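# Structural description and commentary
Listed below are the residues making up each chain.
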Amino acid sequence: MVHPTLGWSGDAASGHLVLLDQTRLPLEIHELCCRRLEDVVEAICSLSVRGAPAIGVAAAYGVVVGLQPARSSSREDFLGRLEEVVATLAASRPTAVNLAWALTRLSQVAHADQALDTTDLHDRLLEEARRVQSEDEATCTAIGQAGIEFVPEGGGVLTHCNAGGLATAGSGTALAVLFAAADQGRKFEVYADETRPLLQGARLTTWELLNHGIPTVLICDSMAAWAMQQGRIQAVITGADRIAANGDAANKIGTYALAVLARKHEIPFYIAAPRSTFDFALPSGKDIPIEERGADEITHGFGRQTAPDGVGTWNPAFDVTPADHITALITERGAIAPVTRERIAEALEPNGAGSCRA
Ligand code: MRU
């Protein structure tokens with residue numbers, strides 16, 4: 001990463017969350033300071049901070065920001081405020097489970113030690129948020145290493161949306177794999193889908209890949225089928241926002257189409273994601289909540305009207321790729337293949353064996 005995606009500045013009592021505003025990239029490097037809970041919520045809703053793991057880390061710091069006014073209150077008031085803060089942050093974006101995961105983790109810490117007074121408890125929450133961030137950084141590195149073997153030497157890799165350093169606290173998930181492979185001297189080219197409607201691929205992924213010195217080709221989403229047919233793509237690697245217990249995986253809208261195309265062209269399709277993106281409470285992908293965003297993202301992309309007034313729109317931000325279309329899930333505990341409920345449980349659930357690979 002050229003610039004850290006997010007971090008905390010100062011102490012728990014008066015510090016704040018600092019974010020690289022992703023809506024301004026790649027043209028401007030602009031830092032956003034979130035000093036109030038509403039600032040954090042707005043940053044998440046507007047996609048100033050985005051990508052499943054990064055949203056989780058931002059939400060963890062959001063809890064600290066949101067509890068600053070209650071720092072010296074009674075324990076009862078502090079925990080009451082915690083509930084409100086958590087509910088507000090949880091409602092900001094529904095699909096990426098990392099958000100709920102991080103909030104649950106901070107809530108558990110707040111309830112764990114009954115003896116701490118509220119100022120110490122608040123300090124403890126900042127420590128935990130920092131831990132969520134540093135663990136994610138290490139997780140990204142491990143995902144990168146686990147995926148190197150899937151990057152085809154001399155081939156083309158297609159990716160969608162942005163699953164890089166900007167979407168995490170470290171080097172990314174899908175892009176961590178590509179960065180690690182490049183660092184090991186593997187030669188390959190990356191095709192980045194522009195990723196309509198908000199262009200995370202065009203604005204963010206190409207920016208990260210070029211900063212890393214990786215040859216990068218930007219294509220419109222509609223060109224993926226032809227790129228595969230023309231023999232330009234030897235692997236597809238994307239991230240995920242939520243993976244159900246059976247391996248069905250939600251990711252940026254358009255991912256499912258790539259998986260279908262990859263199967264048709266007999267190209268391996270990989271999803272790279274940390275354990276915090278798995279939702280074991282959901283048996284399958286049909287229960288994953290899919291965020292629907294405003295019409296203006298389609299009719300007025302980046303401020304310019306591109307459709308007639310009064311046209312109907314539908315803007316789901318994510319889709320779900322069925323497990324049977326995924327060649328392997330690349331996690332910090334290794335690759336999981338074939339993608340089945342049993343393999344996933346064995347590799348990732350607390351009582352599972354903890355290691356994977358067919
Ligand atoms: O709407 P976004 O930009 O938050 O969507 C992000 C994605 O779909 C990413 O691919 C996903 O969160 C994985 S990030 C490592």
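None of the values given here were measured: they were computed from a predicted structure. (Residues numbered from 1 in each chain as written. Predicted model: local features only at pLDDT ≥ 70, side-chain atom pairs only at ≥ 80, totals over all residues. Heavy atoms only, no water.)

Once that is clear, we can look at the site of the ligand. In the neighbourhood of the ligand, 18 residues make up the surrounding shell, with Arg50, Arg93, Asp241, Asn251 and Lys252 lying closest. Aspartate 241 places a side-chain nitrogen or oxygen 2.9 Å from an oxygen atom of the ligand. One of the side-chain nitrogen or oxygen atoms of lysine 252 is found 2.8 Å away from an oxygen atom of the ligand. For the ligand, whose unbound accessible area comes to 420 Å², protein coverage reaches 99%. Among the cavities detected, the one that contains the ligand is the largest cavity. Mapped by element, the contributors of at least two residues to the shell around the ligand are helix 2 (52-67) and strand 9 (249-252). For the shell around the ligand, the per-class residue count stands at seven nonpolar, seven polar and four charged. If you count residues domain by domain, the shell around the ligand takes at least three from each of domain 1 (6-141) and domain 2 (145-348). (Near = heavy atom within 4 Å. Polar contact = N/O pair within 3.5 Å; in protein donor to acceptor, adjacent residues only side chain to side chain. Areas by Shrake-Rupley, 256 points an atom, 1.4 Å probe, with all protein chains shown as cover. 1 Å grid on protein atoms, 1.4 Å probe; cavity = no way out; pocket = protein on both sides within 12 Å on 5 of 7 lines; lining within 4 Å. Sits in = over half its atoms within 2 Å of the grid points. Helix = DSSP H or I, 4+ residues; strand = E, 2+ residues; numbered from the N terminus. Nonpolar A, V, L, I, M, F, W, Y, C, P; charged D, E, K, R; others polar. Domains from an automatic or database assignment.)

If you trace the backbone, threonine 195 turns up in the loop between strand 5 (189-193) and helix 7 (200-211). Here aspartate 193 takes part through its backbone oxygen, which lies 3.0 Å from a polar atom of the side chain of threonine 195. Apart from the residues lying within four places of it in its own chain, the contact partners of threonine 195 are His160, Cys161, Gln200, Gly201, Asp221 and Lys252. (Contact = heavy atoms within 4.5 Å.)

It is the contact of helix 1 (residues 37-45) with helix 3 (residues 75-90), at a shortest axis distance of 10 Å, that shows an interaxial angle of 20 degrees. In terms of orientation, helix 1 and helix 3 fall into the roughly parallel class. In this structure, helix 1 crosses over helix 3, and the sense of that crossing is right-handed. Residues Leu37, Val40, Val41 and Ile44 of helix 1 lie in contact with helix 3, whose contacting residues are Arg81, Val85, Thr88 and Leu89. Split into classes, the residues belonging to the contact of helix 1 with helix 3 amount to six nonpolar, one polar and one charged. (Axes fitted to C-alpha atoms, helices over the stretch in contact; angles between N-to-C directions. Parallel < 35°, antiparallel > 145°, perpendicular 65-115°, else oblique. Left-handed = near helix turned anticlockwise from the far one by under 90°.)

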